[in-house]
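Structural features, examined
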Amino acid sequence: MKIERWAVLPDCQVPYEDKRSMAAVEKYLAAHRWDGYLNLGDFLDFNELSSYVKGRPGAVKEDVARTFEAGRVILVRHARILRTKNVNARMVLLQGNHDYRAVRYAEENPGLREHLDVRKNLGLDDLDVEWVPSWERGVLFRLGNARFVHGRYINKYHAAKMVEAYGCCIYYGHTHDIQFFPKVTQGNGLTFEAGSLGCLCRYDQAYMRGAPHNWQQAVTTFFLQPNGNFNLCVSRIFSHRFVGPDGVLYGG
């Protein structure tokens, strides 16, 4: 019985990924054979395209071309790590609300549409990375009995809202915290839950302006059985270090 192993990476927000925590995750990726790699969206930050800097050119420090370049460097590196041990490893990238900023900006400035095409400018087809329009069209990615989406709600009990809204086992990023909530389905032998899986971006994002938050860096290992059942292990990252489900400490 073959058990698939997938790595699930939440909100990186490149170029504001936490480089030390990402390096620890990459060491973990390199230590194992993977069947798949799933990024939950907000892979790119695109602060330069956000409504927060609209009309404030002096507030823009980023550049779209450099953002795409930084993102592609990471994807190329991750593809090399994964496919060294499994040339057929799948890579999947969900679209998040930060990624969607490029779509919204292109709608307002049609002449820039080609320059803001995330799929094209990250070279996803060349890298054989599957693109899922999770934010724009609400498309879910499915692995067995689990579904994945970038996220939708940001209220205090967002996991409860997610499981009620979707009615299935649903996992997501978006909120940057870790929260799980089960759904009662008495009598039918099913177990539903929703879970937010943290982030991999820096905690000191400029738009937070030093406000308190409950963000939690993490990486999730997802084990899929042939019958669709699954188990997942969320490894919380503290001070750029974590212990994986293999019992090994990664990071330094």
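First things first, this report covers the structure right here in the doc. (Residues numbered from 1 in each chain as written. Predicted model: local features only at pLDDT ≥ 70, side-chain atom pairs only at ≥ 80, totals over all residues. Heavy atoms only, no water.)

1. Quick notes on the overall build of the chain
The condition is simple: The way it works is that DSSP assigns letters per residue, a run of H or I at least four long becomes a helix, a run of E at least two long becomes a strand, and they are numbered from the N terminus. Our radius of gyration is a C-alpha quantity, and the globule rule it is checked against amounts to 2.2 Å times the number of residues to the power 0.38. Summary of the burial criterion: residues with accessible area below 20% of their type's maximum are buried, those above 50% are exposed, and those between are partly exposed, where the area comes from a 1.4 Å probe applied to protein chains only. Here, residues are in contact when the closest pair of their heavy atoms is within 4.5 Å. Surface accessibility in these figures is a Shrake-Rupley result with a 1.4 Å probe; residues are shielded only by whichever protein chains are displayed.
Helix and strand counts for the chain come out as six helices and 13 strands. Computed over its C-alpha atoms, the radius of gyration of the chain comes to 18 Å, within 12% of the 18 Å expected for a compact globule of 252 residues. Overall size of the chain, expressed as C-alpha extent along the three principal axes, is 55 × 40 × 35 Å. A total of 252 residues make up the chain; the buried ones form 52% of that total. A fraction of 61% describes how many contacts in the chain between residues 6 or more apart in sequence connect residues 24 or more apart. Surface exposure of the chain reaches about 12200 Å², of which carbon and sulfur atoms provide 51%.

2. Describing the sheet that holds strand E6 (residues 146–148)
Using the following cut-off: DSSP calls a pair of strands paired once it identifies at least 2 bridges connecting them. Angles shown run from 0 to 180 degrees and are taken between the N-to-C directions of axes, each axis being a line fitted to C-alpha atoms and, for helices, limited to the stretch in contact.
Judged by pairing direction, the sheet is mixed, and its five strands sit side by side in the order E5-E6-E7-E9-E8 without closing on themselves. Edge positions in the open sheet fall to strand E5 (141–143) and strand E8 (178–183), since each of these has one partner strand only. Here the average twist between neighbouring strands, direction ignored, is 20 degrees. For strand E7 (residues 169–172) and strand E9 (residues 192–197), the ladder comprises three bridges, and the chain directions are parallel. If you follow Tyr-171 over to E9, its bridge partner there is Gly-195. Along the sheet, helix H6 (residues 158–166) contacts E7, E8 and E9; its crossing angle with E8, the most-contacted strand, is approximately 40 degrees.

3. Comments concerning the sheet that holds strand E10 (residues 218–224)
Strand order in this open sheet of six strands is E4-E3-E2-E1-E10-E11, and the pairing throughout is mixed. One side of each edge strand has no neighbouring strand; the edge strands of this open sheet are strand E4 (129–132) and strand E11 (230–236). This sheet shows a mean twist of 20 degrees between the axes of neighbouring strands, independent of strand direction. Relative to E11, E10 runs antiparallel, the two sharing seven bridges. Across the sheet, Thr-221 pairs through a bridge with Cys-233, a residue of E11. With respect to the sheet, helix H1 (residues 19–30) is in contact with strand E1 (4–9), strand E2 (36–39) and E10, its orientation differing from that of E1 by roughly 170 degrees.

4. Quick look at unusual backbone geometry
Trans peptide bonds make up most of the peptide bonds, and negative phi angles are found at most residues other than glycine. The residue after Val-14, namely Pro-15, is reached through a cis peptide bond having omega 15 degrees. Non-glycine residue His-174 carries a positive phi angle of around 75 degrees. Tracing the chain through its elements places His-174 in the loop between E7 and E8. Accessibility expressed as a relative area gives 14% for His-174, which makes it buried.

5. Details of helix H2 (residues 64–85)
For clarity, the threshold we go by: What a helix is expected to span follows from its residue count: subtract one and scale by 1.5 Å. In protein, a polar contact requires one atom able to donate a hydrogen and another able to accept it; more generally it is a pair of N or O atoms within 3.5 Å, and residues adjacent in sequence count only if both atoms are side-chain atoms.
Taking 1.5 Å per residue as the helical rise, H2 with its 22 residues ought to reach 32 Å, and the 33 Å between its terminal C-alpha atoms agrees with that figure. Residues of H2 that are buried: Val-64, Thr-67, Phe-68, Gly-71, Ile-74, Leu-75, His-78, Ala-79, Ile-81, Leu-82 and Arg-83. Residue Asp-63 occupies the N-cap position of H2, its side-chain oxygen lying 3.0 Å from the main-chain nitrogen of Ala-65.

6. A look at the pattern of salt bridges
Stated precisely, the cut-off is as follows: Only one rule defines a salt bridge in this text: a Lys or Arg side-chain nitrogen within 4 Å of an Asp or Glu carboxyl oxygen.
Per the counting criterion, the structure on display carries nine salt bridges. A salt bridge links Lys-183 to Glu-164, with the shortest nitrogen-to-oxygen separation between them at 3.1 Å. In this pair, Lys-183 sits in strand E8 while Glu-164 sits in helix H6, placing the two residues 19 residues apart along the sequence. Relative accessible area serves as the criterion here: at 23%, Lys-183 is assigned to the partly exposed category. One salt bridge connects Asp-204 with Arg-202, and the closest N-O pair in it is separated by 2.9 Å. Connected through salt bridges with shared partners, the residues Lys-2, Arg-33 and Asp-35 form a single ionic network.

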